[in-house]
Amino acid sequence: MRVLGIETSCDETGVAIYDDEQGLLAHQLYSQIKLHADYGGVVPELASRDHVKKTIPLIQKAMSDANCRPEDFDGVAYTAGPGLVGALLVGATIGRSLAYAWGVPAVPVHHMEGHLLAPMLEDTPPAFPFIAVLVSGGHTMMVEVHSIGDYRILGESIDDAAGEAFDKTAKLMGLDYPGGPLLAKLAEKGTPGRFRFPRPMTDRPGLDMSFSGLKTFAANTIAANGNDEQTQADIAYAFQEAVCDTLVIKCKRALQQSGLKRIVIAGGVSANQRLRQDLAELARKVGGDVYYPRTEFCTDNGAMIAYAGMQRLKNKEFSDLSVQATPRWPIDQLNPVGL
Ligand code: KG4
Ligand code: ZN
């Protein structure tokens, strides 16, 4: 079976072709980072307009790379939410229309399920069950995963997501958007121990998280110590350490509570090397393993949507002729998808 996947939920246009026997046949990604850089964040209207321009040429390129014709496809998967509604509507409309024209099912995919399943595209995918530490720009969650579609949210961020906290703190330091990877790079030159940021909500039970206080703490630290190059690096170090420590503490609790030992990290912040190291260390201590996607599939991409769509298609979960765009959509309310 072969599926075309389309991702347009935010500021990346991603397209991919996944075959259940041959694996990933092609993928294309266009990032709008430059388009939004001057505004310091994503401008939804500009994002939608750009997806309109880029999606079809990227599909054509992926089809030509994989030497695929329309009749080779068994389904078209598109990100139906969560995300920016205008941006979602572009991928949803193109995906639904192509599926209609090609006479195959259209499969609405949950963006965070795409992230969660991205490690399945690797050579050694995780086996079920596992704890997923989902850390993206818009969401942060600890999820107990028993099989495809069986997702129990154990805890989530009650304010800023981890990626959002990285981006906002980076902005305070004067770094470009999206500042997460730049802040992580800066942290490599930081002095351990010069600053200590709080580990929010770790002193009380439960798995919910809060990261918005860390940017305020960063703002106060900058105000008191200045923003010279070394101080910036030291603040970046302490900020990153606090986010990672907090996620490790919460993940440890999730493992204890569920009795599981396998950890999956996914979403944009799973590209963070420190987080990978810290969670690998936790996995080692409990006698488990850690899994994450290759770096290019940590952030938004079409491959994860094509993969998740394939699983839904095999389960015969696809939509009618409607175009589905659901800006807010909890990951534990997926079934049946799009119906
Ligand atoms: O998953 P994603 O592509 O988008 C959403 O679904 O929201 O995640 C993007 C987020 C951004 O906030 C970005 O700054 C963050 O992931 N990010 C990182 C790193 N790479 C990307 N944050 C920390 N360290 C990184 N290396
Ligand atoms: Zn994402």
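What comes next is a walk through the structure. (Residues numbered from 1 in each chain as written. Chains lettered and ligands numbered in written order. Predicted model: local features only at pLDDT ≥ 70, side-chain atom pairs only at ≥ 80, totals over all residues. Heavy atoms only, no water.)

We now examine the nonpolar core. Leu-4, Ile-17, Leu-116, Leu-134, Val-143, Tyr-151 and Ile-331 are the most contacted members of the largest nonpolar core, which totals 55 residues. What Leu-116 contacts, discounting residues up to four positions off in sequence, is Phe-130, Ala-132, Leu-134, Val-143, Val-145, Tyr-151, Val-264, Ala-266 and Ile-331. Grouped together as the second largest cluster of nonpolar side chains are 43 residues, Met-173, Ala-233, Ile-235 and Leu-275 included. (Core = buried A, V, L, I, M, F, W, Y, C linked by side-chain atoms within 4.5 Å. Buried < 20%, exposed > 50% of the residue type's maximum accessible area, 1.4 Å probe, protein only. Contact = heavy atoms within 4.5 Å.)

Right, let's talk about the environment of Asp-50 for a bit. Inspection of the secondary structure assignment puts Asp-50 in helix H2 (residues 44–65). Here Asp-50 falls in the buried class, since its relative accessible area comes to 7%. Counting along the chain gives 37 residues from Asp-50 to Ala-87, while the straight-line C-alpha distance between them is 8.8 Å. Not counting the four nearest positions on each side in its chain, Asp-50 is found in contact with Tyr-30, Gln-32 and Leu-35. (Helix = DSSP H or I, 4+ residues; strand = E, 2+ residues; numbered from the N terminus.)

A separate point is a nonpolar patch on the surface. Side chains of Val-85, Leu-89 and Val-323 sit close together on the surface and give an oily, nonpolar patch of about 210 Å² of accessible area. Structurally, Leu-89 is set in helix H3 (residues 85–102). By relative accessible area, which is 38% here, Leu-89 ends up partly exposed. (Patch = residues over 30% accessible without salt bridge, like charges linked within 9 Å, V, L, I, M, F, W, Y side chains within 5 Å. Areas by Shrake-Rupley, 256 points an atom, 1.4 Å probe, with all protein chains shown as cover. Salt bridge = Lys/Arg side-chain N within 4 Å of Asp/Glu carboxyl O.)

Given two aromatic rings, their pairing is described by the distance between the two centres and the angle made by the two planes. This structure, assessed with the given rule, holds 6 aromatic pairs. Aromatic pair Phe-73 and Trp-102: ring centres 5.0 Å apart, planes at 10°, arrangement stacked. Note that Phe-73 is positioned in the loop between H2 and strand S4 (75–81) and Trp-102 in helix H3, a separation of 29 residues in sequence. In textbook terms, an aromatic cluster arises when at least three aromatic residues are bridged by ring pairs, as seen for Phe-166, Phe-197, Phe-217 and Phe-239. (Phe/Tyr/Trp six-rings, centres within 6.5 Å; stacked < 30°, edge-to-face > 60°.)

Before going further, it helps to examine the sheet that holds S4. One open sheet holds the 5 strands; their spatial order is S3-S2-S1-S4-S5, and the pairing between them is mixed. In this open sheet, the two strands that pair with only one neighbour each are strand S3 (23–31) and strand S5 (106–110). The mean angle between the axes of side-by-side strands here comes to 20°, regardless of whether they run parallel or antiparallel. Its contacts with the sheet put H2 on strand S1 (2–7), strand S2 (12–19) and S3, and the angle it makes with S2 is roughly 25°. (Pairing = 2+ DSSP bridges. Axes fitted to C-alpha atoms, helices over the stretch in contact; angles between N-to-C directions.)

Once that is clear, we can look at the sheet that holds strand S8 (residues 150–156). Across the sheet, which stays open at both edges, the 5 strands sit in the order S8-S7-S6-S9-S10 with mixed pairing between neighbours. Strands at the two margins of the open sheet, each flanked by one partner only, are S8 and strand S10 (290–291). In the sheet, strand S6 (residues 130–135) pairs with strand S7 (residues 140–147) via 6 bridges, with the strands oriented antiparallel. Bridged to Val-135 within S7 is Thr-140.

Close contacts around ligand 1 come from 18 residues, with His-115, Gly-137, Asp-167, Gly-268 and Asn-272 the closest. At 3.0 Å from an oxygen atom of ligand 1 is found a side-chain nitrogen or oxygen belonging to His-115. Take Asn-272: an N or O atom from its side chain is 3.0 Å from a nitrogen atom of ligand 1. Coverage of ligand 1 by the protein chains reaches 88% of its 550 Å² of free accessible surface. For the shell around ligand 1, the secondary-structure elements that each account for two or more residues are helix H4 (111–117), helix H5 (162–172) and helix H6 (180–187). Grouping the amino acids of the shell around ligand 1 by side-chain chemistry returns 5 nonpolar, 11 polar and 2 charged. (Near = heavy atom within 4 Å. Polar contact = N/O pair within 3.5 Å; in protein donor to acceptor, adjacent residues only side chain to side chain. Nonpolar A, V, L, I, M, F, W, Y, C, P; charged D, E, K, R; others polar.)

Per the counting criterion, the structure on display carries 20 salt bridges. For the salt bridge of Asp-278 with Arg-274, the shortest nitrogen-to-oxygen distance reads 3.1 Å. With Asp-278 and Arg-274 both in helix H9 (residues 273–286), this residue pair falls 4 residues apart, about one helical turn. In this pair, the class of Asp-278 matches that of Arg-274, namely buried. Between Arg-312 and Glu-317 there is a salt bridge whose closest N-O contact spans 2.7 Å. Residue Arg-312 is classed as buried on the basis of its relative accessible area, which comes to 2%.

Glycine aside, residues mostly have negative phi angles, and peptide bonds mostly take the trans form. Residue Pro-82 is bonded to the preceding Gly-81 through a cis peptide linkage, with omega at -10°. Turning to its location among the elements, Pro-82 is positioned in the loop between S4 and H3. Unlike most non-glycine residues, Met-201 shows phi in positive territory, near 60°. Among the structural elements, Met-201 can be located in the loop between H6 and helix H7 (212–225). The backbone of Lys-316 sits at a positive phi, close to 60°, despite the residue not being glycine. Assignment of secondary structure puts Lys-316 in the segment after helix H10 (302–314).

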